[in-house]
Number of protein chains: 2
Amino acid sequence: MPRQLHLNAFLMTTGHHEASWRLPESDPSAHVDLAHYVRLARTAERGTFDSLFLADGPQLWSSVAQRPAGALEPLTLLTALATATEHIGLIATASTSYNSPYNLARKFASLDIISGGRAGWNIVTTAGAEAARNFGLDAEPAHAERYARAAEFLDVALKLWDSWEDDAIVADKAAGVWGDDAKIHPPRHRGRYFSVEGALNVPRTPQGYPLLVQAGSSEDGKAFAARYAEAVFTAQQTIEDARAFYADLKSRTVREGRDPEHVKVLPGIVPVLGSTEAEARAQEELLEDHIVHRHGVEHLERLLQLPAGSLDLDAELPADLPPESEIEGAKSRYTLVVELARRERLTVRRLIGRLGGGRGHLTFAGTPEQVADAIETWFTQGAADGFNIMPPVLPSGLELFVDHVVPLLRARGLLRTEYGPRTTLRQRYGLPRPANQYVRPAGAPALV
Amino acid sequence: MPRQLHLNAFLMTTGHHEASWRLPESDPSAHVDLAHYVRLARTAERGTFDSLFLADGPQLWSSVAQRPAGALEPLTLLTALATATEHIGLIATASTSYNSPYNLARKFASLDIISGGRAGWNIVTTAGAEAARNFGLDAEPAHAERYARAAEFLDVALKLWDSWEDDAIVADKAAGVWGDDAKIHPPRHRGRYFSVEGALNVPRTPQGYPLLVQAGSSEDGKAFAARYAEAVFTAQQTIEDARAFYADLKSRTVREGRDPEHVKVLPGIVPVLGSTEAEARAQEELLEDHIVHRHGVEHLERLLQLPAGSLDLDAELPADLPPESEIEGAKSRYTLVVELARRERLTVRRLIGRLGGGRGHLTFAGTPEQVADAIETWFTQGAADGFNIMPPVLPSGLELFVDHVVPLLRARGLLRTEYGPRTTLRQRYGLPRPANQYVRPAGAPALV
């Protein structure tokens, strides 16, 4: 069997295009409608996707005028979706800056048990002062600080998930002994950001711990991914950039002493589908016509850390923007946007049109055949292990992809035709179940 | 229609009796088995209970030998149960000491939306140093400090739940305006324990906010309940104590300017059922025979804040125990246990037997008729608005109650025979939907 594609369905309210909610077909309250998400999850499962994914940030945007704002908390929503699906993985975004390790480790362990081993965690450090001010801080912590906290958070979470050996439950009714205290390992962690003394109050889960996913492509982000991540979501505009990113991340993973096959790289793609190329372009233009540019300017000014009113819709970006090193927010996204504008010499209006579709991810408008060709090319030429599918309009965009692109990928032998027996999410991604750090291999000396 | 009983099913792994897991019928891994909880939830719904409830604490007991330890995180488990049920309320315990208001308010809002308005929050301040040490503290915060934090937590959470007016979503597709920024009210809270600037990123929910439940019966606990709680769980050993508690709490509620009908008092009861009184007593003795007293002694020494090894199984409690005012842990539970032991002159062995059944809640062994009589007596004589049903063994104890006690309560006109149309949890408890604090009544001056 040839190497298999990994597909992740990135779900977002009425779709990834910021104007999608304005189309006649869209439900503007879809973001709080469980039935909408159940339909999407079942569609992705019909398409034998590996997983579905919810992005998140713990703040409301400064204005709710532009488009559907707010969202059900991802771990809560995915728990409900776990009961509505059987096979698909469930990846929730959660922040290391605004959670405590004990609570978050427990929630993921609970979801992993309830879903039969289908939980994944997209680890984010959460850029932005708005989030910080919802958690007692006056300003956003510095980028490097956020990543240092994230690394310690992961170390603590991994200790917590390993704090029960797999066979810690004895259940000897006759003797009145339920568990074996010798197989419980309290972390007794005292670090720079966290002190966590006791063992988790959930046994070790089907996967050991959730699939670890990461999406930041800054230097700090890539270093973090190489050390911890098992799947990486990334935004790449060209196959050349995507191949360079792919090669860089795999070699960093090797330098961390890990098997490069144990981290899967999934660029985002926004497929705008039509039965002809012209139909696809018309759909793209229809969406762009619905953008309210005023909102886009405000958003771009915040991203570029410019004063309000400094951008001219019909001019290019200012020449004197600061380098990425001076940005404390979402670094890799900053660079991607600036480079896209410079490379294609886009006016602010055109840049907003391009970003409106996928916030910097690759938008590909075409026939199902053309989209399948692009996917195959990136997949076979060292740019991707799979894709993060970001339909511009939901639910229709996911249904078009599953009904028209998935059959082509299956016919080419690139994607499973059925799930087969139930497995964990980690098994779907071709990854081994992690060993417990507190259990020594046979014959090895005790670690703790 | 006569005044109606409110029934809450307090679910706990294999049952409330600490030895229940040792019975042949019990599954020692029930605590992590979703199917077990789905079965319980559907049984309670068959019995037209108002709600079900999960207790919780963010720590693992110091030993897992005694009985099933750890539990799925309640909000996660209740979200899964929301999809398996239609009518029953879902009350999760969560701590004000070890959560941040933004995250917790959002999770409850998400559950309220997903369940169609069936969420409830049992507000706890979490006693004990073990929990504290899982969240960066060296020792448990003082009792009064925990309650001061809880009060501010509630104020912030209420601001967050009200931060969207009910009609903040405009959804004007033609004009490109999704939400009305004038109907979003960021808390801008700066307090002693919390600073929370922005609005919640979830719209106002079907209930406005979850039903607020409280269970501490200390002075601080009762003051808190009178101010905020809409339902109160309490442990009372005699009808006299229960009537005094009931009257005290209702009058405190009036002194807070609230309608005493808007707080429902539900004592806990552990029904040990048999088709004859002798059969019920035999079941009680069977359970008591399975207690491992060594564990009970350790637990009691911790509760009473005594050094290990200081209790004698066959003697009464020491005479020189400190007054409740010197206890920083679970104050009302401390007093209840000490008074029970003194009143009935129990040896430590007998005290452990009594506590093993319901941890201080009233155990009532008898026929279904006798249990229904006790419930009716307490309900009609000013001791209760309903009951927190705590079956000693699960699932069988809940099934016995629903099959044999519920029909008697229905025949006496004390309990609904069917749910009728879908309503919110707050409506089941006969409470009004709360007004939004940021919306002025017609004709009143603006508040903000």
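Counting starts from 1 at the beginning of each chain's written sequence and moves along it residue by residue. Each chain gets a letter, beginning with A, and each ligand a number, beginning with 1, in the order they are written. With pLDDT at 70 or above as the cut-off, local features in this predicted model cover only qualifying residues; side-chain atom pairs require 80 or more to be listed or tallied, and sums for whole chains, interfaces and linings still use all residues. Side-chain measures here rest on the full set of heavy atoms in the structure, leaving out hydrogens and waters.

1. Here we look at the confidence of the model for chain A
Put simply, the test is: The predictor reports its confidence for every residue as pLDDT, a score running from 0 up to 100.
Mean pLDDT over chain A stands at 94; residues scoring 70 or higher make up 98%. Both scores are given for the predicted complex: the pTM is 0.94, the ipTM 0.93.

2. Focus: the UniProt feature "binding site: FMN" (unreviewed entry) in chain A
Residue and element names in this part refer to chain A. Test applied: UniProt positions are given in the numbering used here, feature names are shortened, and annotations may be inferred rather than shown by experiment. Secondary structure counts use DSSP, requiring at least four H or I residues in a row for a helix and at least two E residues in a row for a strand, with both numbered from the N terminus. Relative accessibility decides the category of a residue: with a 1.4 Å probe and only protein chains considered, values under 20% of the type maximum give buried, values over 50% give exposed, and everything between is partly exposed. In this description, contact between two residues means that some pair of their heavy atoms is separated by no more than 4.5 Å. Pairs of N or O atoms within 3.5 Å make up the polar contacts considered here, provided that, within protein, one atom can donate a hydrogen while the other can accept it, and that residues adjacent in sequence are counted only when both atoms are side-chain atoms.
Per the UniProt entry, the sites bearing "binding site: FMN" (unreviewed entry) are D56, T93, H143, Y147, S217 and S218 in this numbering. Relative to the helices and strands, T93 resides in strand 3 (residues 89-95). The buried category is assigned to T93, whose relative accessible area is 3%. Discounting residues that sit within four places of it in the chain, T93 has contacts with F53, L54, A55, D56, P74, N122 and V124. Engagement of the side chain of T93 in a polar contact is seen with the backbone oxygen of L54, the distance being 2.7 Å. Under the relative-accessibility criterion, S218 is labelled buried at 3%. Beyond its immediate sequence surroundings of up to four residues, S218 is in contact with H143, Y147, E324, K331 and S332.

3. Considerations on the interface of chain A and chain B
Test applied: As a working definition, buried area equals the accessible area (1.4 Å probe) given up by two parts on being put together, with both sides summed. Put simply, a salt bridge is a Lys or Arg side-chain nitrogen that is within 4 Å of an Asp or Glu carboxyl oxygen. The residue classification treats Ala, Val, Leu, Ile, Met, Phe, Trp, Tyr, Cys and Pro as nonpolar and Asp, Glu, Lys and Arg as charged. All others, Gly included, are polar.
Contact residues are listed per partner, giving 76 residues for chain A and 75 residues for chain B. Together, the buried faces of chain A and chain B total about 5,700 Å²; carbon and sulfur atoms form 58% of this surface. Applying the counting criterion to the chain A and chain B interface returns 6 salt bridges. With its nearest N and O atoms 2.7 Å apart, the salt bridge here joins R106 of chain A to D56 of chain B. At the boundary of chain A with chain B, the tally comes to 45 residue pairs in polar contact (both at pLDDT 80 or more). The set of elements that each furnish at least two residues to the side of chain A that touches chain B consists of helix 2 (74-82), helix 3 (101-114), strand 5 (169-172), strand 6 (177-179) and strand 8 (195-196) of chain A. A per-element tally of the side of chain A that touches chain B places helix 3 of chain A first, with 8 residues. Class assignment for the residues of the side of chain A that touches chain B results in 38 nonpolar, 24 polar and 14 charged.

4. Overview of the relation of the copies chain A and chain B
How we decide: What sets the superposition is a least-squares fit of C-alpha atoms, and only residues with pLDDT of at least 70 in both copies go into it.
Of the transformation placing chain A onto chain B, the axial shift is 0.0 Å and the rotation is 180 degrees, giving an RMSD of 0.0 Å. Here the transformation between the copies is reduced to the relation of a two-fold axis. The C-alpha atom lying nearest the rotation axis in chain A is that of A80 of chain A; the distance is 2.7 Å. The overlap is high: 99% of the interface residues of chain A also sit at the interface in chain B, so the same surface is used on both sides.

5. Some details on the nonpolar core
Worth spelling out the cut-off: By nonpolar core we mean a set of buried residues, namely Ala, Val, Leu, Ile, Met, Phe, Trp, Tyr and Cys, connected to one another through side-chain atoms within 4.5 Å.
Of all hydrophobic cores here, the largest spans 166 residues; its most connected members are F49, W161 and F401 of chain A together with F49, W161 and F401 of chain B. Aside from chain neighbours lying at most four places away, what touches F49 of chain B is L7, N8, A9, A44, I88, I389, L398, F401, V402, V406, R416 and Y419 of chain B.

6. Section: the pattern of salt bridges
On inspection of all chains with the given rule, the structure shows 62 salt bridges over all chains. Of the charged contacts in the structure, one is a salt bridge between D155 of chain A and R227 of chain A, with a shortest N-O distance of 3.6 Å. Of the two residues, D155 of chain A is situated in helix 5 (residues 143-161) and R227 of chain A in helix 6 (residues 219-228); the sequence distance between them amounts to 72 residues. A salt bridge links D403 of chain B to R46 of chain B; the shortest N-O distance between them is 2.6 Å. Placement of D403 of chain B in helix 13 (residues 396-411) and of R46 of chain B in helix 1 (residues 34-46) is noted, with a sequence separation of 357 residues between them. Residue classification places D403 of chain B among the partly exposed residues on the basis of a relative accessible area of 38%. A residue is classified by how much of its surface remains accessible, and R46 of chain B, at 44% relative accessible area, is partly exposed. Among the ionic contacts, a cluster of salt bridges with common partners joins D162, D166, R204 and R433 of chain A.

7. Some details on the environment of L72 of chain A
Within the secondary structure, L72 of chain A sits in the loop between strand 2 (51-54) and helix 2. Its relative accessible area of 3% is what places L72 of chain A among the buried residues. Linking L72 of chain A and L34 of chain A, residues 38 residues apart in sequence, is a C-alpha distance of 9.1 Å. If we ignore the near neighbours within four places in the chain, the residues touching L72 of chain A are H31, V32 and L77 of chain A together with R106, S110, I113 and I114 of chain B.

8. Points about unusual backbone geometry
All names here are of chain A. Cis geometry is adopted by the peptide bond preceding P395, which originates at L394 and carries an omega value of 5 degrees. Position of P395 among the secondary structure elements: in the loop between strand 13 (386-389) and helix 13 (396-411). In this structure, T48 takes a positive phi of about 45 degrees despite not being glycine. Following the sequence through the fold, T48 ends up in the loop between helix 1 (34-46) and strand 2. Of note, the phi angle at Q305 is positive, near 55 degrees, even though the residue is not glycine.

9. Brief notes about helix 13 of chain B
A turn of α-helix holds 3.6 residues, and therefore any two residues three or four places apart point the same way. Residues and elements named next belong to chain B. Put simply, the test is: One less than the number of residues in a helix, times 1.5 Å, gives the span that helix is expected to have. Fitting one axis to the seven residues ending at a residue and another to the seven starting there, the bend at that residue is the angle between the two axes.
Between the first and last C-alpha of helix 13 there are 23 Å, a value that for 16 residues agrees with the 22 Å anticipated at 1.5 Å per step. The largest bend along helix 13 measures about 35 degrees and falls at V405, with the proline P407 one to four residues further on. All buried positions along helix 13 are accounted for by G397, L398, E399, F401, V402, V405, V406 and L409. Along its buried surface, helix 13 packs onto strand 1 (6-10), helix 1, strand 11 (264-273), helix 12 (368-380) and strand 13 (386-389). One or two positions beyond helix 13, positive phi appears at G413, with a value near 75 degrees.

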